[in-house]
Amino acid sequence: MLYNSTRNKNLQLPASLAILKGLSDDGGLFVPQEIPTFDKTFDELKELDYRELAYEVMKFYFDDFTEDELKSCIASAYDEKFDTPEIAPLVYAGNVYYLELFHGKTIAFKDMALSILPHLMTAAAKKNDLKEEIVILTATSGDTGKAALAGFADVPGTRIMVFYPKDGVSPIQKLQMVTQTGSNTSVVGVNGNFDDCQSAVKAIFNDVQYNKELKEKGFCFSSANSINIGRLFPQVVYYVYAYCRLLKDGRINANDRINICVPTGNFGNILAAYYAKRMGLPVNKLICASNDNKVLFDFLKTGVYDKNRPFILTCSPSMDILISSNLERLIYHLTGNNDEKCASLMNSLTGSGRYEIDADMKEQLSDFMEGFATEEETLGEIKRLYDDTGYVIDTHTAVASYVYNSLKDQLTGEETVIASTASPYKFASSVMKALSGESVGKDDMTLIDELSSISNTEIPQAVKEIKNAPVRHKNEIEKEDMKKAVTEFLS
Ligand SMILES: *Cc1c(COP(=O)(O)O)cnc(C)c1O
């Protein structure tokens, strides 16, 4: 399997090099030349545990790793770091299945991929005789940062630097990041929003001269953002796993189709579901759920992507994004893998902040359905589900849950799996506001105790840990100074 850039088909790299590079030099994203199809039936796959299934999916995408290398990465990733041996449990509540993707170290779905990325990356470095130290630069809307820090902390041969919008993450998210240990870690608050952070990181990656200077000093950049194929493809696994669980538990019959509903920001998680479908997973609709920053909703509805609009801070901050990077991969596939056409649309996005796809491409969007939830609808959904079932979901999952319920009359009776992307403990103040209407003024730790008693669930280890942890990262900067901060970190 070779990977092209979405903006240059002549570029061809094996998986390990694409993982090390993260982003292509031309600004494009790496995409597989062909999308593989399963070589086993779901009746066979349903008997596998998470790790075994992970191998059956990833072996197609990371095929320049040996079986031993890949299996060892998988074994190191999906172990006791997860608080359940199932890794991704499926919970039935209110006529729909919640696929809980938050049982890893940092209680958000980013752990599903960031638990394995450092292992893939160090294996790839070895395979390619990389001499330089790998420097992971990451912009985060809250959850990626902590999950990447947890994954890369004290991994030999790597350093990691995380930029977050200083007023754009939840208090728990911020505390999780600024208390991060590890001698190779740096966490910096930026006076700007997520898109500012992400654009500056991309600019640093694309700064040829700067990269050359750092290479001479023994460093090379890579990305732990969801643009890295080492993050994208591990995410395909849990959709296949969910399907297999439904099959094994007799909730569906062989070849029955399901719907998958995903709370979406950077378009990584739902893109993984799209690849699962293209690989042969029986999926009817991929439902893209947005919050008030509904740039993807508008795009799927009209074929016009337009980021020129106010950036709204919501109670689902990990979805507060106006430039959904991974959408570029879908665009590329919709053009019939036409790199020039894709590059021209992306140039238009960089130039005017807007592009429009043609009728042919639009037609292929029929795999998707779209919806969005306002702040009030999001909080209302948490309360509704709790009142109906006693099950508590976080704000991001609530966006998806609301959207599914608003669209379900247009669906054709399939079972639906909702990606549950964070533990409600991570967004305790919003969740308690939804449930009791009176979180205002109480500190987060009090609310966490209340959430535990109201939901009858145990406080996750990740939350207990930060209660008394010292703050190690106090640096806050202007967005123009991000490159300078990188230089300082590396000197
Ligand atoms: C990152 C994140 C999302 C959005 O996922 P994308 O892959 O960026 O679309 C949704 N919910 C939570 C909790 C997240 O951390």
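Note: the structure precedes this text.
**Student:** An account of the pairing of strand E14 (residues 368-372) is needed here, citing residue identities and associated values.
**Tutor:** Taken across its five residues, E14 has four buried, putting it largely inside the fold. Here five bridges tie strand E11 (residues 283-290) to E14, and the two strands are oriented parallel to one another. Its bridge partner being in E14, Leu 286 is matched across the sheet by Phe 368.

**Student:** So what's going on with the sheet that holds strand E10 (residues 258-263)? Residues and values would help.
**Tutor:** One open sheet accounts for six strands, arranged E4-E5-E15-E10-E11-E14; its pairing is mixed. Edge positions in the open sheet fall to strand E4 (90-93) and E14, since each of these has one partner strand only. Sheet twist, expressed as the mean angle between neighbouring strand axes with direction ignored, is 25°. Bridge count for E10 against E11 is five bridges, and the pairing is parallel. Across the sheet, residue Ile 260 finds its bridge partner in E11, namely Leu 286.

**Student:** Quick rundown of the side chain of Thr 397? Include the residues and the values.
**Tutor:** Here Thr 397 shows up in helix H19 (residues 395-407). Given the relative accessible area of 0%, Thr 397 is considered buried. Separated by 3.2 Å, the side chain of Thr 397 and the backbone nitrogen of Thr 421 make a polar contact. Aside from chain neighbours lying at most four places away, what touches Thr 397 is Tyr 98, Ile 418, Ala 419, Ser 420, Thr 421 and Ala 422.

**Student:** Account for the environment of Ile 19, with residues named and values stated.
**Tutor:** Inspection of the secondary structure assignment puts Ile 19 in helix H1 (residues 15-21). Filtering out sequence-adjacent residues up to four positions away, Ile 19 remains in contact with Phe 62, Phe 65, Leu 117, Leu 120, Met 121, Ser 222, Asn 228, Ile 229 and Gly 230.

**Student:** Please set out the environment of Glu 44 residue by residue, giving values where relevant.
**Tutor:** Mapped onto the elements of the fold, Glu 44 is located in helix H2 (residues 42-45). With 322 residues separating them in the primary sequence, Glu 44 and Ser 366 have C-alpha atoms 30 Å apart.

**Student:** Hey, could you go over the sheet that holds strand E2 (residues 8-14) for me, with residue numbers and the actual values?
**Tutor:** Taken together, three strands build an open sheet; the order of strands is E2-E1-E3 and the sheet is antiparallel. Bordering the open sheet on either side are E2 and strand E3 (30-32), each of which pairs with just one other strand. With strand direction ignored, the average angle separating the axes of adjacent strands in the sheet is 40°. Summarising the sheet, strand E1 (residues 2-5) and E3 pair through three bridges and their orientation is antiparallel. Across the sheet, residue Ser 5 finds its bridge partner in E3, namely Phe 30. In the packing of helix H15 (residues 327-334) onto the sheet, the strands contacted are E1, E2 and E3, and the crossing angle to E3 comes to about 45°.

**Student:** So what's going on with the site of the ligand? Which residues, and what values?
**Tutor:** Taken together, 15 residues surround the ligand, and among them Lys 110, Asp 143, Gly 265, Asn 266 and Thr 421 come closest. Gly 265 places a polar main-chain atom, nitrogen or oxygen, 2.8 Å from an oxygen atom of the ligand. One of the backbone N or O atoms of Gly 268 is found 3.2 Å from an oxygen atom in the ligand. Each residue belonging to the shell around the ligand can be placed in one class, and the counts come to five nonpolar, eight polar and two charged.

**Student:** Go over the side chain of Thr 138, please, and point to the residues and values.
**Tutor:** Within the secondary structure, Thr 138 sits in strand E6 (residues 133-139). Accessibility expressed as a relative area gives 0% for Thr 138, which makes it buried. Not counting the four nearest positions on each side in its chain, Thr 138 is found in contact with Thr 144, Met 161, Val 162, Phe 163, Val 201, Ala 224 and Asn 225.

**Student:** Describe the pattern of salt bridges, naming the residues involved and giving the relevant values.
**Tutor:** Throughout the structure, instances matching the rule amount to 31 salt bridges. Note that Arg 159 and Glu 133 form a salt bridge whose closest N and O atoms lie 3.1 Å from each other. Of this pair, Arg 159 sits in strand E7 (residues 158-165) while Glu 133 sits in strand E6, and the two are 26 residues apart along the sequence. On the accessibility criterion, Arg 159 (21% relative accessible area) is partly exposed. For Glu 133, a relative accessible area of 24% puts it in the partly exposed group. Residues joined in a network through salt bridges with shared partners are Asp 39, Lys 40, Glu 56 and Lys 59.

Reading the values: rules and limits
Residues numbered from 1 in each chain as written. Predicted model: local features only at pLDDT ≥ 70, side-chain atom pairs only at ≥ 80, totals over all residues. Heavy atoms only, no water. Buried < 20%, exposed > 50% of the residue type's maximum accessible area, 1.4 Å probe, protein only. Helix = DSSP H or I, 4+ residues; strand = E, 2+ residues; numbered from the N terminus. Pairing = 2+ DSSP bridges. Axes fitted to C-alpha atoms, helices over the stretch in contact; angles between N-to-C directions. Polar contact = N/O pair within 3.5 Å; in protein donor to acceptor, adjacent residues only side chain to side chain. Contact = heavy atoms within 4.5 Å. Near = heavy atom within 4 Å. Nonpolar A, V, L, I, M, F, W, Y, C, P; charged D, E, K, R; others polar. Salt bridge = Lys/Arg side-chain N within 4 Å of Asp/Glu carboxyl O.

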